[in-house]
Amino acid sequence: MPLQVRLSASLRRLAPGYDALRGLEADWRPGLTVAGLLARLDIAPQEVKIIMVNGRSAGPDDPLADGDRVGLFPAVGGG
Amino acid sequence: MQAWIMELLGPYLVPHEAPGQEGFYAVREAGLRELAMVQHRPLREVMLACLDEGLWPERFRPNRGTFSAADQARLLRSSVAVMGAGGLGGMVILQLARLGVGRLIVCDGDVFEESNLNRQFLATRETLGQGKARAAALAVESVNPVVEVRVHGVWAYEDNLPAILSDAQAVVDCLDTLATRYIVEEACRQAGLPFVHGAVGGLEGMVMTVRNGDPGLAGLYGREPAPKAEAAESFLGVPTPTPALIATLQVAEVIKLLLGWPGLGRGQVLHVDLGVPSIEMLQLG
C-alpha cells in the first residue's frame, strides 16, 4: 500500500498541483525514513516543522511502514 | 431568596419552558440594576447572588442547560488573560465577555490599521488608529458591562509578563509571532498557569492547551521559534474565516479549564483545515 502524504498550508506550494482533498501517494520501500521521503518529494527538511506519522509526532530519522499516513506541517503563527 | 427581593424583581421576571422539566424564570437586567441600586452593590455581585439562588440573568439564560447556574457563577468569578487583541484575540475577548467571564486581562501594544479589517472583529472604521487593548475594553463594555477589563496597551516581554498575568487563571495565546508566543508560554509555565495556544495561517489553524510538564510549543515546532518569514501566514496570509473558528475552539478550551471539565489532553493538538474541510487530533510526544 502506498504512503499517504498530506502537506499542510504553505508546504503545498512545494508540490505543484497538490490536491488538498486527496493528498499525495508515495511508494514505500523497506528502510525508507521521513527524511528519505522528503528528499524524494524534493522538500527541504528545514521547511517542515512538524512531522506526524499516523497522527503522532515523529522525527526525520524515523522509519516509515507500508501504508503509513504522513502529515507534514510548516510553522503556523498568525493571529 | 428574600421575599422583598422577589417582589422587586417580579416585574422583570421572564417565564421560560424547559422540555421535560418544570418551567423557570429568568430576570431581565433592568431588574438586576434596580436591585443593585437599592442594595448599593455592583451589578456583578447582584447577578452572582441570583445565580447562587438558581435565578438566571436573562442575558446568560441561553447558556442554561449546557451550564448550571453554579457553572455560570463560576465563570463570572473567573479571570482570564488574553494576549493579543487582533484576529484571534478580538473574537476570544468578545466571546468571553458574552459568556460572562468576570474579569479579562487584555494585552496588546498595537493599534488597528486598515489591513486588520478583513478578520479582526474589533477593527472597524471607527477604531482605526486606536489602541487594540483599549478598543477591546470599550467593546466589552458595550456588550457586557459586568465584565471588568484590565487594559495593558503594551507589548508582552519577559519582564512585564509576571505583573500582567497575576490574577489570571488561564492565559489565551492570541499573538501573531511565534517568538512572543514562546515567551508567554514560558511565563505561564513559571506561574503555573494553563496556556491555550491558537495560531492560524491561510485556511488552517492549530489549537493546543499547555499545562505544566506538557510538550507545548517546543514539542510542536522545536526548541526555537521559527522566524515570521518562514511561517505559513507569510505565504498564505490570514483570510477572514480562519481566526474566528480557531478563536472559538480556544474559548471552548478556556471554558473547560475554568469549569474543571476535561479538554484537550497532554500533547493533543487540534489541526483544522477549512480548505478540505477537516479537523483532526494530532498527538505530540
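Residues numbered from 1 in each chain as written. Chains lettered and ligands numbered in written order. Predicted model: local features only at pLDDT ≥ 70, side-chain atom pairs only at ≥ 80, totals over all residues. Heavy atoms only, no water.

1. Re the overall build of chain A
Of regular secondary structure, chain A possesses 1 helix and 5 strands. In terms of overall dimensions, chain A is globule-like: its C-alpha atoms have a radius of gyration of 12 Å, near the 12 Å expected for 79 residues. Principal axes of the C-alpha set define a box for chain A whose edges measure 40 × 25 × 20 Å. Buried positions account for 44% of the 79 residues belonging to chain A. Excluding contacts between residues fewer than 6 apart, the proportion of contacts in chain A whose partners are at least 24 apart in sequence is 56%. (Helix = DSSP H or I, 4+ residues; strand = E, 2+ residues; numbered from the N terminus. Rg over C-alpha atoms; globule rule 2.2 N^0.38 Å. Buried < 20%, exposed > 50% of the residue type's maximum accessible area, 1.4 Å probe, protein only. Contact = heavy atoms within 4.5 Å.)

2. Comments concerning the overall build of chain B
Within chain B, the secondary structure is distributed over 11 helices and 11 strands. Taken over C-alpha atoms, the radius of gyration comes to 20 Å for chain B, in line with the 19 Å a tight globule of 285 residues would show. Taken along the three principal axes of its C-alpha coordinates, chain B extends 65 × 40 × 35 Å. In chain B, which comprises 285 residues, the proportion classed as buried is 53%.

3. A few points about the sheet that holds strand 3 (residues 56-57) of chain B
All names here are of chain B. Across the sheet, which stays open at both edges, the 3 strands sit in the order 1-2-3 with mixed pairing between neighbours. Because the sheet does not close on itself, it has two edges, and the strands there are strand 1 (13-16) and strand 3. One ladder, built from 2 bridges, connects strand 2 (residues 24-27) with strand 3; its direction is parallel. Each residue of the ladder has a partner; that of Val27, found in strand 3, is Pro57. (Pairing = 2+ DSSP bridges.)

4. Overview of the pattern of salt bridges
Counted under the stated rule, the structure contains 19 salt bridges over all chains. For B:Glu230, the salt bridge is made with A:Lys49, and the minimal N-O distance between the two is 3.8 Å. Of this pair, B:Glu230 sits in the loop between helix 9 (216-221) and helix 10 (232-236) while A:Lys49 sits in the loop between helix 1 (34-41) and strand 3 (50-53), which puts the two residues in different chains. Residue B:Glu230 is classed as partly exposed on the basis of its relative accessible area of 40%. Judged by its relative accessible area of 26%, A:Lys49 falls in the partly exposed class. Of the charged contacts in the structure, one is a salt bridge between B:Glu186 and B:Arg189, with a shortest N-O distance of 3.3 Å. (Salt bridge = Lys/Arg side-chain N within 4 Å of Asp/Glu carboxyl O.)

5. Notes on the interface of chain B and chain A
Taken together, the contact pairs 32 residues of chain B with 20 residues of chain A. Here chain B packs against chain A, burying approximately 2,100 Å² in sum over the two surfaces, 59% of which is carbon and sulfur. When the buried area of chain B at its contact with chain A is split by residue, B:Glu204, B:Tyr221 and B:Gln283 rank highest and sum to 23% of it. Linking chain B to chain A there are 3 salt bridges. The closest approach of N and O atoms between A:Arg12 and B:Glu204, which form a salt bridge, is 3.4 Å. Summed over the shared surface of chain B and chain A, the number is 16 residue pairs in polar contact (both at pLDDT 80 or more). Only helix 5 (87-99), helix 8 (178-191), strand 8 (195-201), strand 9 (204-210), helix 9, helix 10, strand 10 (268-273) and strand 11 (278-283) of chain B provide two or more residues apiece to the side of chain B that touches chain A. Within the side of chain B that touches chain A, the residues separate by chemical class into 18 nonpolar, 6 polar and 8 charged. (Buried area = accessible area lost by both parts, 1.4 Å probe. Polar contact = N/O pair within 3.5 Å; in protein donor to acceptor, adjacent residues only side chain to side chain. Nonpolar A, V, L, I, M, F, W, Y, C, P; charged D, E, K, R; others polar.)

6. Looking at the domain arrangement of chain B
Residue and element names in this part refer to chain B. Splitting chain B by domain gives domain 1 (3-73) and domain 2 (78-283). Each of domain 1 and domain 2 has a C-alpha centre, and the two are 31 Å apart. Each partner contributes residues to the interface: domain 1 has 12 residues there, and domain 2 has 11 residues. Summed over both sides, the interface of domain 1 with domain 2 buries roughly 880 Å², with 59% coming from carbon and sulfur. In terms of surface lost to domain 2, no three residues of domain 1 exceed Arg44, Arg59 and Phe67, which account for 49% of the buried area on that side. Linking domain 1 with domain 2 are 0 salt bridges. Inspection of the region where domain 1 meets domain 2 yields 2 residue pairs in polar contact (both at pLDDT 80 or more). (Domains from an automatic or database assignment.)

7. Side note on the environment of B:Ala97
Residues and elements named next belong to chain B. Looking at the secondary structure, you find Ala97 in helix 5. Note: C-alpha distance between Ala97 and Gln72 (25 residues apart in sequence) is 12 Å. Among all residues touching Ala97, those that are not within four sequence positions of it are Leu104, Val140, Val143, Asn144 and Val147.

8. Regarding unusual backbone geometry
Residue B:Pro277 is bonded to the preceding B:Val276 through a cis peptide linkage, with omega at -5°. Topologically, B:Pro277 is positioned in the loop between strand 10 and strand 11. Positive phi outside glycine occurs at A:Ala9, with the angle close to 45°. Along the chain, A:Ala9 falls in the loop between strand 1 (3-7) and strand 2 (24-26). Overall, the relative accessible area of 5% leaves A:Ala9 in the buried class. With a phi angle near 55°, B:His40 is a residue other than glycine that sits in the positive phi range.

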